[in-house]
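# Observations on the three-dimensional arrangement
Take a look at the letters that make up each chain.
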Amino acid sequence: MSVIIKSSLFKAKSFYSKFGDFTLLTRYASTTKKPLAQNIPEEEIKKSVFISQSTDIYTNLALEDWFYRNYDFSKHHILLLWKNDPCVVIGRHQNPWLECNVAGCEQKNILIARRNSGGGTVYHDPGNLNLSFFTPRERYNRKYNLEIITRALFRQWGLKAIINKKEDIIVQNEFKISGTAAKLGRPNAYHHCTLLVDAKKQDLSLALKKTETGITTNATQSVRSPVKNLSEVNSHIKIDHLLNAVGWEYLRTKAVTLQDGGHKLVEDQKGFQMINPTEDWFPGIDQLTEEFRSWDWTFGRSPKFTVTRVLEASVPDGGRHIIKLVVEVDKGIVQDVKMTLPMDDNQNASVMTNLLGKRYSHELTDSIVEATGCKVVAYDVKDDQSDVAAI
């Protein structure tokens, strides 16, 4: 994905009027050499908490990407807080048909999106808080960010949460409340994570239920873990209270070291600010949003994969033959449909050439099976686990 900031003077002035002395990266406009991020004293680094006013997943992913591409974090770190309408968000290198119930999501109006960072699949809804920590690459520190969250939970509610070896946040020694991923580049980096506060676990289970089988791919696959809402652990935890608690903990902590600066440090920071992710505020964001919304990005960026079905065919003499159906898919597009013929297990025949070039879907595989007049004899769908999610 790529975007070039529009050079309109009006939009530039609009941005600066809203963000004051906040600075954009000047790599396209200036040859002035800046000091390396690691050479800037910690006390010169300010912090802000930005809260997105959008609940659209594609817009918020675009906002996150806009900051990553265009902002100068050398003297100003940002925590972006955001919530989404119901959606499933897969990692950059994942296959949506493997990770979620695509048909079920469509029926329930749960959107499917692909983010720019790696990692596994997560479910979002208004009961889920998303956090994005932005810094220069040299100051990227995932453990620091997760400590901010666990400290906020303990300071506000006395809730003890631990960070495990995989850098997930765990409560009650077992249940995962936060999934995490990162994007590391030059000069910027971000670490983002989720916090399950009061998500609808029934919808979570439906959205992340594995309904597609027989897929062979090198795509990253999620590791499923038992999860719990924070509200199930402490009923006093509400999402807006948590947003404030994490934001204040972030502002009262020094920029690089996990030292509590208290209210005095908070007074020196830039504080909280609601932001509106529109073209007027962030020139170029509309283009990014449409790219994140596109089928080519969400489904077409899936690594190459094959779908295999073992079919049983009846013959006139009452016997039965086993046929293997293989659908080859690249960039979400059907490249070939092959069947192993009963008379020669080593002979593959390309069939149904009218399907070549079509967008892959679970329904397409079902239609092929139906057209053969065969029945599937190898179809393994695991039972749903209502309290397990891939995050």
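The structure reproduced in this document is the subject of the present report. (Residues numbered from 1 in each chain as written. Predicted model: local features only at pLDDT ≥ 70, side-chain atom pairs only at ≥ 80, totals over all residues. Heavy atoms only, no water.)

## Things to note about the overall build of the chain
So the rule is basically this: Only DSSP runs of H or I with at least four residues qualify as helices, and only runs of E with at least two residues qualify as strands; both kinds are numbered from the N terminus onward. Any residue under 20% of the maximum accessible area for its type is buried, any over 50% is exposed, and the rest in between are partly exposed; the area is computed with a 1.4 Å probe on protein chains only. We get accessible surface area from the Shrake-Rupley algorithm with a probe of 1.4 Å; when it comes to residues, only the shown protein chains can shield them.
Within the chain, the regular secondary structure consists of twelve helices and 20 strands. Classification of the 391 residues of the chain by burial places 52% in the buried group. For the chain, the exposed area adds up to about 18500 Å²; of that, 49% sits on carbon and sulfur atoms.

## Considerations on the pairing of strand β9 (residues 175-178)
Condition: Pairing between two strands requires that DSSP report at least two bridges joining them.
When strand β8 (residues 169-171) meets β9, the two strands line up antiparallel, connected through three bridges. Among the inter-strand pairings, Val171 is bridged to a residue of β9, identified as Phe175. The turn linking β8 back onto β9 is made up of three residues, and Gln172 within it adopts a positive phi angle of 55°.

## Some thoughts on the packing of aromatic side chains
Worth spelling out the cut-off: Only the six-membered ring of Trp is used, alongside the rings of Phe and Tyr, when aromatic pairs are assigned; centres must lie within 6.5 Å, and planes under 30 degrees apart are stacked while those over 60 apart are edge-to-face, with the rest tilted.
Taken as a whole and assessed by the stated rule, the structure comprises 19 aromatic pairs. Here the aromatic rings of Phe67 and Phe134 are separated by 5.7 Å at their centres, their planes lie at 55°, and the arrangement is tilted. Taken together, the positions of Phe67 in helix α2 (residues 57-70) and Phe134 in strand β6 (residues 128-136) put the pair 67 residues apart, joining distant regions of the chain. Taking the relative accessible area as the measure of exposure, Phe67 reaches 0% and is therefore buried. With centroids separated by 5.5 Å and ring planes inclined at 55°, the aromatic side chains of Phe134 and Tyr190 adopt a geometry described as tilted. A residue pair is termed long-range when its members are at least 10 positions apart, and Phe134 in strand β6 and Tyr190 in strand β11 (residues 188-196) qualify at 56 residues. Phe134 sits in the buried class, given a relative accessible area of 0%. Overall, the relative accessible area of 1% leaves Tyr190 in the buried class. One aromatic cluster in this structure is built from Phe50, Trp66, Phe67, Tyr68, Tyr71, Phe73, Phe134, Tyr190, Trp281 and Phe282.

## Section: α2
Selection rule: In this analysis, the expected span of each helix is defined as 1.5 Å times one less than the number of residues it contains.
Over its 14 residues, α2 extends 20 Å from the first C-alpha to the last, a length consistent with the 20 Å expected when each residue adds 1.5 Å. In terms of burial, α2 is largely enclosed, as 13 of its 14 residues are buried.

## What about the sheet that holds β6?
Quick note on the threshold: Lines fitted to the C-alpha atoms define the axes, with helices restricted to the stretch that makes contact. Angles between their N-to-C directions range from 0 to 180 degrees.
Sheet architecture is open: six strands sit in the order β10-β11-β6-β2-β1-β14, paired in mixed fashion. Every other strand in the sheet has two partners, leaving β10 (180-184) and β14 (271-275) as the edge strands with one partner each. Strand after strand, the sheet turns through a mean of 20° between neighbouring axes, direction not considered. As defined by bridge partners, β10 adjoins β11 across five bridges and the pair is classed as antiparallel. From the neighbouring strand, Thr180 faces β11, where its bridge partner is Cys193.

## As for helix α5 (residues 142-157)
The first and last C-alpha atoms of α5 sit 23 Å apart over 16 residues, in line with the 22 Å expected at 1.5 Å per residue. Among all positions of α5, only Arg142, Tyr144, Asn145, Leu146, Ile148, Ile149, Thr150, Ala152, Leu153 and Trp157 are buried. Phi turns positive, to about 70°, at Gly158, one or two residues after α5.

## Thoughts on the pattern of salt bridges
This is how the line gets drawn: Note on definitions: salt bridges are taken to be side-chain nitrogens of Lys or Arg within 4 Å of carboxyl oxygens of Asp or Glu.
Taken as a whole and judged by the stated rule, the model has 18 salt bridges. Here Lys166 makes a salt bridge to Asp168, at a shortest N to O gap of 3.9 Å. With relative accessibility at 7%, the residue Asp168 sits in the buried group. Its salt-bridge partner being Asp260, residue Arg252 comes within 2.8 Å of it at the nearest N-O pair. Residue class for Arg252 comes out buried when judged on its relative accessible area of 16%.

## With respect to the environment of Leu258
Under the convention used in this document: Contacts: residue pairs with any heavy atoms within 4.5 Å of one another.
Mapping Leu258 onto the fold places it in the loop between α8 (239-252) and α9 (262-268). Those residues in contact with Leu258 that lie beyond four places of it in its chain are Tyr144, Glu147, Ile148, Arg151 and Thr253.

## Comments concerning the packing of α5 against α8
Rule in force here: Crossings are classed by handedness, with left-handed meaning an anticlockwise turn of the near helix from the far one by less than a right angle and right-handed meaning a clockwise turn. Note on residue classes: Ala, Val, Leu, Ile, Met, Phe, Trp, Tyr, Cys and Pro are nonpolar, Asp, Glu, Lys and Arg are charged, and everything else, Gly too, is polar.
Packing of α5 against α8 brings their axes to within 9 Å, and their N-to-C directions diverge by 115°. α8 is crossed by α5, and the crossing has right-handed handedness. On the side of α5, the interface is formed by Ile148, Arg151, Ala152, Leu153, Arg155, Gln156 and Trp157, while α8 contributes His241, Leu242, Ala245, Val246, Glu249, Tyr250 and Arg252. For the contact of α5 with α8, the class distribution of residues is eight nonpolar, two polar and four charged.

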